[in-house]
Amino acid sequence: MKDAVMVYYKFKNEEKAGLGIPLPAGNIRVYQKDSKGGLLFVGEDRINHTPKDEFLNVKIGNAFDVVSERKQTDYKSLGSKTWEIEFEIKIRNHKDTAVTVEVNEPIGGDWEMLSSSFKYDKTAAFAARFEVPVKAGGESVLKYRIRAHW
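Each value, and the rule that gives it
Per chain, the residues get numbers from 1 upward, laid out in the order the sequence is written. At least 70 in pLDDT is required for a residue's local features to be given in this predicted model, at least 80 for side-chain atom pairs to be given and counted, and no such filter applies to totals for whole chains, interfaces and linings, which use all residues. Side-chain numbers here rest on the full set of heavy atoms in the structure, without hydrogens or water. Each Phe, Tyr or Trp ring (for Trp, its six-membered ring) is paired with any other whose centre lies within 6.5 Å, and the angle between the two planes then decides the class: stacked below 30 degrees, edge-to-face above 60, tilted in between. Secondary structure counts use DSSP, requiring at least four H or I residues in a row for a helix and at least two E residues in a row for a strand, with both numbered from the N terminus. Throughout, exposure labels follow a simple rule: accessible area from a 1.4 Å probe, protein chains only, divided by the maximum for the residue type, with under 20% read as buried, over 50% as exposed, and the rest as partly exposed. Two strands pair if DSSP finds at least two bridges between them. Cavities and pockets were defined on a 1 Å grid built over protein atoms only: a cavity is a set of grid points that admits a 1.4 Å probe from which the probe cannot escape, a pocket is an open set flanked by protein on both sides within 12 Å along at least five of seven lines, and lining residues are those with an atom within 4 Å of any such point. Grid points are joined across faces, edges and corners, and a volume is the space filled by probe spheres set on the points. Throughout, the ten residues Ala, Val, Leu, Ile, Met, Phe, Trp, Tyr, Cys and Pro are labelled nonpolar, Asp, Glu, Lys and Arg are labelled charged, and all others, Gly among them, are labelled polar. A fitted line through C-alpha atoms represents every axis, and for helices the fit uses only the stretch in contact; the resulting angles, taken between N-to-C directions, go from 0 to 180 degrees.

Asks: Whenever I open this one, the packing of aromatic side chains confuses me. Can you help?
Replies: The relative placement of two aromatic rings is captured by the distance of their centres and the angle of their planes. The tally for this structure, following the rule as stated, stands at six aromatic pairs. Considering the side-chain rings of W83 and W150, the 5.9 Å spacing of their centres and the 85° angle between planes classify their relative orientation as edge-to-face. Of this pair, W83 sits in strand β7 (residues 82–93) while W150 sits in the segment after β12 (139–149); the two residues are 67 residues apart in sequence, bridging distant segments of the chain. A residue is classified by how much of its surface remains accessible, and W150, at 57% relative accessible area, is exposed.

Dropping the structure here:
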């Protein structure tokens, strides 16, 4: 199953970043300099009221040059309410530069990570986050196995 790879700009609303003032809720537009110094519109998002010194995540759209395919590779029932499940996520980078893709996986039940090809953080009772580096023009494969109790 192909999944969209979303592109975010994450930054802190602080003076050092050229901001540091309360930002009202509304649309925010992101521009980037092109090779000749002109400005290119790269995307927009809607933000909530954001006080100074807080972080913003601005989603500017889906990547068209980084693709992800996710599949379940194993499933074992270990009893009436316990399972082991394994997933594989292939990420291909068609850019000329390396990228790091943050993979956020929802995981139900009371779970534990049995193995993983990349370091993970348990970000909530029901979620794990992986940081997967992908070389320019390359592919990385994230494999992980969990045991879940329901």
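Still more ground to cover, so stick around.
Asks: How do you make sense of the pairing of strand β3 (residues 26–33) when you look at a structure like this?
Replies: When a strand is regular, its side chains alternate between the sheet's two faces. Across eight bridges, the pairing between β3 and strand β4 (residues 39–47) is antiparallel. Directly across from G26, in β4, lies its bridge partner I47. Hairpin remark: β3 followed by β4, antiparallel, with five residues in the connecting loop; positive phi at G37, about 90°.

Asks: Is there a simple way to think about the layout of surface pockets in this case?
Replies: One simple way to see leftover space: roll a probe sized like a water molecule over the atoms. Roughly 1,200 Å³ of volume is contained in the largest pocket. The wall of the largest pocket is formed by 34 residues, among which V5, M6, V7, Y8 and V101 lie closest to the centre. Elements with a minimum of two residues in the lining of the largest pocket: β2 (6–12), β3, β4, β5 (55–62), β6 (66–77), β7, β8 (99–106) and β11 (127–134). Looking at the lining of the largest pocket residue by residue, the class counts come to 17 nonpolar, seven polar and 10 charged.

Asks: Help me understand the sheet that holds strand β10 (residues 120–124) in this model?
Replies: The pairing of strands in a sheet comes from backbone hydrogen bonds and takes either a parallel or an antiparallel form. The strand order across the open sheet formed by three strands is β8-β11-β10, and the pairing between neighbours is antiparallel. Taken across any chain shown, the strands that pair with only one partner, and hence form the sheet edges, are β8 and β10. Within this sheet the neighbouring strands show an average axis-to-axis angle of 30°, counted without direction. The pairing of β8 with β11 spans eight bridges and is antiparallel. The residue bridging P106 from the neighbouring strand is A127, located in β11.

Take it as geometry only, folks, not as evidence of what the structure does.
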